[in-house]
Amino acid sequence: ACSSPEERVQRYFENGTKLFAERDNARAAIELRNAVRLKKQLPEAWNLLAQIDEGSRNWSGLALDMRALVDLDPRNASARLKLGKLLLLSGASEEALGLADIGLQFDDRNADLHALKAAASLRLNDRSGAVNEAHVALAHNPTNADALMVLAVDQLAAGDAKAALSLLQDPGASQTTDHDVGFQLLKIKLFGETGNFQSAEAALKKLIEFSPQEPGFRRLLVSLYIEQQRFDDAESELKNFAADRPS
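Residue numbers run consecutively from 1 along every chain, following the written order of its sequence. The predicted origin of the model limits local features to residues at a pLDDT of at least 70 and limits the giving and counting of side-chain atom pairs to 80 or more, whereas totals for whole chains, interfaces and linings rest on all residues. Side-chain measures here rest on the full set of heavy atoms in the structure, leaving out hydrogens and waters.

Let us look at the nonpolar core. With 71 residues, the main nonpolar core has Leu32, Met66, Leu83, Val150, Leu168 and Leu190 as its most contacted residues. Should any heavy atoms of two residues lie within 4.5 Å, those residues are counted as being in contact. Setting aside anything within four residues of it in sequence, one finds Leu83 in contact with Ala63, Met66, Arg67, Val70 and Leu99. Here, the term nonpolar core denotes a set of buried Ala, Val, Leu, Ile, Met, Phe, Trp, Tyr and Cys residues that are joined through side-chain atoms within 4.5 Å. Partly exposed describes any residue whose relative accessible area lies between the buried limit of under 20% and the exposed limit of over 50%, with all areas from a 1.4 Å probe on protein chains only and scaled to the type maximum.

Shown next, in the form of structure tokens:
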């Protein structure tokens, strides 16, 4: 007898969950996508797909997963935030701003949503709106990294790199941002702007330690060495990278 659509959904979902548990993510994704194609209202399947897509750096797939989760539950702030950040990275700042605004209607004390609104406003050249939202975010959470970044970028745009850097060196923020790549890269840029190359080097080495296979961080470190005419260090770093890369 033919199985009903509901039974097929269940079978796809169970197969996908089992394959995911076995870390066979490629096959798990196929089964889970089949499940949500037949029945979109499956938050558990979308959550698993999001983990798979994030792990494989499939950002367009992750945006699709987050959009589905937000559609299914508009109060899902973590999915809304992740989607908003992906939209910002892709240049869809207006849509990110709209997402933040709707989220704040459900929870106007959410520091992360205020920070998302601040970042989107900054991208849309509304500097005063961005700064106001960043301050609201920090009133709810004084170490919110995204809000601190908005204020730092605003200070940098005003020509005060030292003030920008002091915002990012807040001791509370430092405890939660060691692995926040965007935060660390802005910090490294500001170390360079203020002539603190030793700190820039240390921060880049920490990023490389955290993500050894990310070539961009190695290139930045090599560029820093060349800028300081430390050619032996630049050559050594290039050799290290070549040795670390799988053949």
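That was the structure; now back to the text.
Our focus in this paragraph is the packing of helix H7 (residues 111-123) against helix H8 (residues 127-140). Viewed as axis vectors pointing N to C, H7 and H8 meet at an angle of 165 degrees, and their least axial separation amounts to 8 Å. Regarding the angle of H7 to H8, the classification is roughly antiparallel. Here H7 runs over H8; the crossing is left-handed. Contact residues: Ala111, His114, Ala115, Lys117, Ala118, Ser121 and Leu122 in H7; Arg127, Gly129, Ala130, Glu133, Ala134, Val136, Ala137 and His140 in H8. Its residues assigned to classes, the contact of H7 with H8 shows eight nonpolar, four polar and three charged. Here an axis means a line fitted to C-alpha atoms, over the contact stretch when the element is a helix, while the angle between two N-to-C directions is reported on a 0 to 180 degree scale. Secondary structure elements follow DSSP: runs of H or I of four or more residues count as helices, runs of E of two or more count as strands, with numbering from the N terminus. Working rule for angles: under 35 degrees goes down as roughly parallel, over 145 as roughly antiparallel, 65 to 115 as roughly perpendicular, anything else as oblique. Working rule for handedness: look at the near helix, and if it is turned counterclockwise from the far one by less than a right angle, call the crossing left-handed; if clockwise, right-handed. Note on residue classes: Ala, Val, Leu, Ile, Met, Phe, Trp, Tyr, Cys and Pro are nonpolar, Asp, Glu, Lys and Arg are charged, and everything else, Gly too, is polar.

Moving on, we come to unusual backbone geometry. Glycine aside, residues mostly have negative phi angles, and peptide bonds mostly take the trans form. For Arg57, which is not a glycine, the phi torsion comes out positive at approximately 60 degrees. Considering the arrangement of structural elements, one finds Arg57 in the loop between helix H3 (43-55) and helix H4 (59-72). What makes Arg57 exposed here is its relative accessible area of 54%. Not every positive phi belongs to a glycine, and Gln229 is a case in point at roughly 60 degrees. Relative to the helices and strands, Gln229 resides in the loop between helix H14 (215-227) and helix H15 (231-244).

The subject of this paragraph is the environment of Ser56. Within the element layout of this structure, Ser56 appears in the loop between H3 and H4. When the C-alpha positions of Ser56 and Tyr225 are compared, they lie 31 Å apart, and in sequence the two are 169 residues distant.

In this section: the layout of surface pockets. Site definitions follow a grid-based scheme: protein atoms alone, a 1 Å grid, a 1.4 Å probe that fits but cannot get out for cavities, and for pockets an open set with protein on both sides within 12 Å along at least five of seven lines, plus lining residues having an atom within 4 Å of a point. Grid points are joined across faces, edges and corners, and a volume is the space filled by probe spheres set on the points. In this structure, the largest pocket encloses a volume near 1100 Å³. Forming the boundary of the largest pocket are 29 residues, of which Lys85, Leu86, Leu89, Asp146 and Gly182 lie nearest the centre. A total of eight residues in the lining of the largest pocket trace back to one element, the largest contributor, which is helix H5 (residues 77-89). A class-by-class count of the residues in the lining of the largest pocket yields 19 nonpolar, three polar and seven charged. By volume, the second largest pocket is sized at about 150 Å³. Around the second largest pocket sit Arg57, Trp59, Val181, Ser211, Gln213, Glu214 and Phe217, which together line it.

Below, the discussion takes up helix H1 (residues 5-21). In an α-helix, one full turn covers 3.6 residues, which means residues spaced three or four apart are oriented alike. Here H1 spans 24 Å end to end across 17 residues, near enough to the 24 Å set by a 1.5 Å rise per residue. By the burial criterion, the buried members of H1 are Val9, Phe13, Gly16 and Leu19. Down the axis of H1, the buried side of the element spans an arc of 130 degrees, and every buried residue falls inside it. Among the exposed residues of H1, those pointing more than 90 degrees away from its buried face are Lys18 and Ala21. Of the surrounding elements, those touching the buried residues of H1 are helix H2 (25-38) and H3. Here the expected length of a helix is defined as 1.5 Å per residue gap, with one fewer gap than residues. What the arc measures is the spread of directions leading from the helix axis to the C-beta atoms.

Right, let's get into the side chain of Asn76. Positionally, Asn76 belongs in the loop between H4 and H5. One polar contact links the side chain of Asn76 to the main-chain amide nitrogen of Ala79, over a distance of 3.0 Å. N or O atoms closer than or at 3.5 Å make up a polar contact, with two conditions inside protein: a donor-capable atom paired with an acceptor-capable one, and, for residues adjacent in sequence, both atoms drawn from side chains.

Glancing now at helix H10 (residues 161-168). Burial in H10 covers these residues: Ala161, Ala164, Leu165 and Leu168. One face of H10 carries all of its buried residues, which in axial projection span an arc of 95 degrees.

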